[in-house]
Amino acid sequence: MGIKYLYSLLYAVDDMLELYDGSLDVPSILERWYKEEEKSNYGAYIPFIGTIRDEDDIDGLSFDVYEPILESWYNAWVQKAKEKGAIIKMAHSRGDVMLHESSYIAAVFSPKRRVALEFIDEFVEDFKASAPIWKYDLKDGKRIYAKDRSTAIKGSGLLS
Amino acid sequence: MGIKYLYSLLYAVDDMLELYDGSLDVPSILERWYKEEEKSNYGAYIPFIGTIRDEDDIDGLSFDVYEPILESWYNAWVQKAKEKGAIIKMAHSRGDVMLHESSYIAAVFSPKRRVALEFIDEFVEDFKASAPIWKYDLKDGKRIYAKDRSTAIKGSGLLS
Amino acid sequence: MVRIEFLGPIQKEPLELEITNLKELATILQETQEMREWLENSAVAVNDNLVSSLDTELKDGDKVSLLPPVCGG
Amino acid sequence: MVRIEFLGPIQKEPLELEITNLKELATILQETQEMREWLENSAVAVNDNLVSSLDTELKDGDKVSLLPPVCGG
């Protein structure tokens, strides 16, 4: 495990978190993941794809990622998946992603559908609540922290 | 709405149920659906992909589909999705699908993630419980009804 | 005449019957030993709409379908 | 020396402080008006592990990170 920086899609390693500069090439990631696990005997594959919506007059979003903690958060989920006989994959953007482009894919593969359906929900929700990624609106040439849509990580306020 | 028979991927119509003879070309279906809705301002896209597992010494599975009732079942879900501001797409195989090939894709697009995560679960579960499709194991050259894994449709037994 | 179709794994040719409701159909099909198990676990559609009452009336040209347990995906 | 890093939207340069636990860090940071709101909604990691106790001890070379509210995806 670890973090992989993918500027081009030349190779892939299982269980690796993929970080991309800018938007994700969704079809090629979904295809590569599908083919990586095609013979692994998983009956269910559920990717969740997040795309930038046109709202509040933004031009796009921008992301800061703190990799060391993202990696340990992700590795804990790899382990949780393993205990259920499942595997996860994840890709996320750094920097600017414009309207109608995608910035996030999380996926679960499992032998049976119930595990996959429940796991993708828990995994995506915990990602939203805990993954050390900060979102900014791109608006009028400015990069504005999306404070109102952000969630304090569990245990926040320790130093206050 | 209606059922579309796709022997080649030349065109696509929104909200149509897609039936294919044999296995599904998963990457191309996922890509086409993604591109169809790329500018529709949905923030979340969740496909569920079902793949034939190697178990019980089968060579593959085979499917019978009763289209008129599948179509009305599907259209009811198109309507339910619409009420939540979401859309669905679905593709399924008819006939034989071999090990490690895929026979089923159901997908939800919605503005927000919670609707999509809940909807894909309900949609796939109701599909399993209600869609008029029959599954057969392909084994030793025979086509054997998968009775033990099948579910009686709600209200069954009316004539007994 | 009402046409009766047996879907999926029920290996039975369609029937054409002079009946006016599902109760009559139930009586006729229950006479066949091989059909008893299917009757217990099959749903019933009239003209491709699932129905839940034996009193459902049938008229000339109607189609009744028996749907045994399903397993798509 | 312990290095203090402020992540994401907290626009503040890293600090190098001579402290031995998080309680001392809290006291120092609370003096800065601009930091008060961030302290209320930020989580704290020591050497990239999230911590939940002010008694967490710090030694020379440790790194403390402040993580404000997140929103990936």
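Since we're looking at a predicted model, the values are computed, not measured. (Residues numbered from 1 in each chain as written. Chains lettered and ligands numbered in written order. Predicted model: local features only at pLDDT ≥ 70, side-chain atom pairs only at ≥ 80, totals over all residues. Heavy atoms only, no water.)

Draft legend 1. The overall build of chain C, seen in detail. A count of helices and strands for chain C gives two helices and five strands. Seen in sequence order, chain C has helices and strands lined up from the N terminus as β-β-α-α-β-β-β. Its C-alpha radius of gyration of 12 Å places chain C within 12% of the 11 Å reference for a compact globule of 73 residues. Overall, chain C is about 35 × 25 × 20 Å in size when its C-alpha atoms are taken along their principal axes. Counting every position in chain C, which comprises 73 residues, the buried fraction comes to 53%. Looking at chain C as shown, the accessible area adds up to about 3600 Å², and 45% of this sits on carbon and sulfur atoms. Mean positive and mean negative side-chain charge positions of chain C (6 and 14 charges, respectively) differ by 1 Å. (Helix = DSSP H or I, 4+ residues; strand = E, 2+ residues; numbered from the N terminus. Rg over C-alpha atoms; globule rule 2.2 N^0.38 Å. Buried < 20%, exposed > 50% of the residue type's maximum accessible area, 1.4 Å probe, protein only. Areas by Shrake-Rupley, 256 points an atom, 1.4 Å probe, with all protein chains shown as cover. Lys, Arg positive; Asp, Glu negative; His and termini not counted. Charge placed at Lys NZ, Arg CZ, Asp CG, Glu CD.)

Draft legend 2. Region of the structure containing the sheet that holds strand β3 (residues 43-46) of chain C. All names here are of chain C. Spatial ordering of the open sheet is given by β2-β1-β5-β3-β4, a layout of five strands whose pairing is mixed. Each having just a single partner strand, β2 (15-17) and β4 (49-51) make up the two edges of the open sheet. Strand-to-strand twist across the sheet, computed as the mean angle between neighbouring axes with direction ignored, equals 30°. Across four bridges, the pairing between β3 and strand β5 (residues 63-67) is antiparallel. The residue of β5 that forms the bridge with A43 is L67. (Pairing = 2+ DSSP bridges. Axes fitted to C-alpha atoms, helices over the stretch in contact; angles between N-to-C directions.)

Draft legend 3. Layout of the environment of F119 of chain A. Residues and elements named next belong to chain A. Looking at where F119 falls in the secondary structure, it is placed in helix α3 (residues 113-130). Sequence separation between F119 and V26 is 93 residues, and the spatial gap between their C-alpha atoms is 21 Å. Once you skip the residues sitting within four places of it in the chain, F119 turns out to touch W77, K80, A81, K84, I88 and V108. (Contact = heavy atoms within 4.5 Å.)

Draft legend 4. Looking closely at helix α1 (residues 22-30) of chain C. All names here are of chain C. Listed as buried for α1 are L22, L25, A26 and L29. Summarising the axial view, the buried residues of α1 lie within an arc of 100°, below the 170-degree limit, and thus occupy one face. Its buried side turned inward, α1 meets β1 (2-6), β2, α2 (36-41), β3, β4 and β5. The N-terminus of α1 is capped by N21, whose side-chain oxygen sits 2.9 Å from the backbone nitrogen of K23. (Arc of directions from axis to C-beta. Polar contact = N/O pair within 3.5 Å; in protein donor to acceptor, adjacent residues only side chain to side chain.)

Draft legend 5. Broad picture of the confidence of the model for chain A. Overall, the prediction assigns chain A a mean pLDDT of 93, with 91% of residues at 70 or greater. In this model residues 7-13 of chain A is a low-confidence stretch, pLDDT under 50, and it forms 11 contacts with partners more than four residues away in sequence or in other chains. (pLDDT = per-residue confidence, 0-100.)

Draft legend 6. Here's a closer look at the interface of chain A and chain D. Each partner contributes to the interface: chain A provides 31 residues, whereas chain D provides 34 residues. Interface area lost by chain A to chain D is led by W134, L158 and L159 of chain A, which between them contribute 31%. Applying the counting rule to chain A against chain D returns one salt bridge. With a closest N to O distance of 2.4 Å, K147 of chain A and E37 of chain D form a salt bridge. Our count for the contact surface shared by chain A and chain D stands at 16 residue pairs in polar contact (both at pLDDT 80 or more). When grouped by side-chain class, the residues that make up the side of chain A that touches chain D number 17 nonpolar, nine polar and five charged. (Buried area = accessible area lost by both parts, 1.4 Å probe. Salt bridge = Lys/Arg side-chain N within 4 Å of Asp/Glu carboxyl O. Nonpolar A, V, L, I, M, F, W, Y, C, P; charged D, E, K, R; others polar.)

Draft legend 7. Geometry of the interface of chain B and chain C. The interface is formed by 31 residues belonging to chain B together with 34 residues belonging to chain C. Seen at the junction of chain B and chain C, the total is one salt bridge. Inspection of the chain B/chain C interface yields 16 residue pairs in polar contact (both at pLDDT 80 or more). Where the side of chain B that touches chain C is concerned, the elements lending two or more residues are β4 (60-65), α2 (67-83), β6 (102-110), α3 (113-130) and β7 (133-139) of chain B. The residue inventory of the side of chain B that touches chain C, partitioned by class, reads 17 nonpolar, nine polar and five charged.

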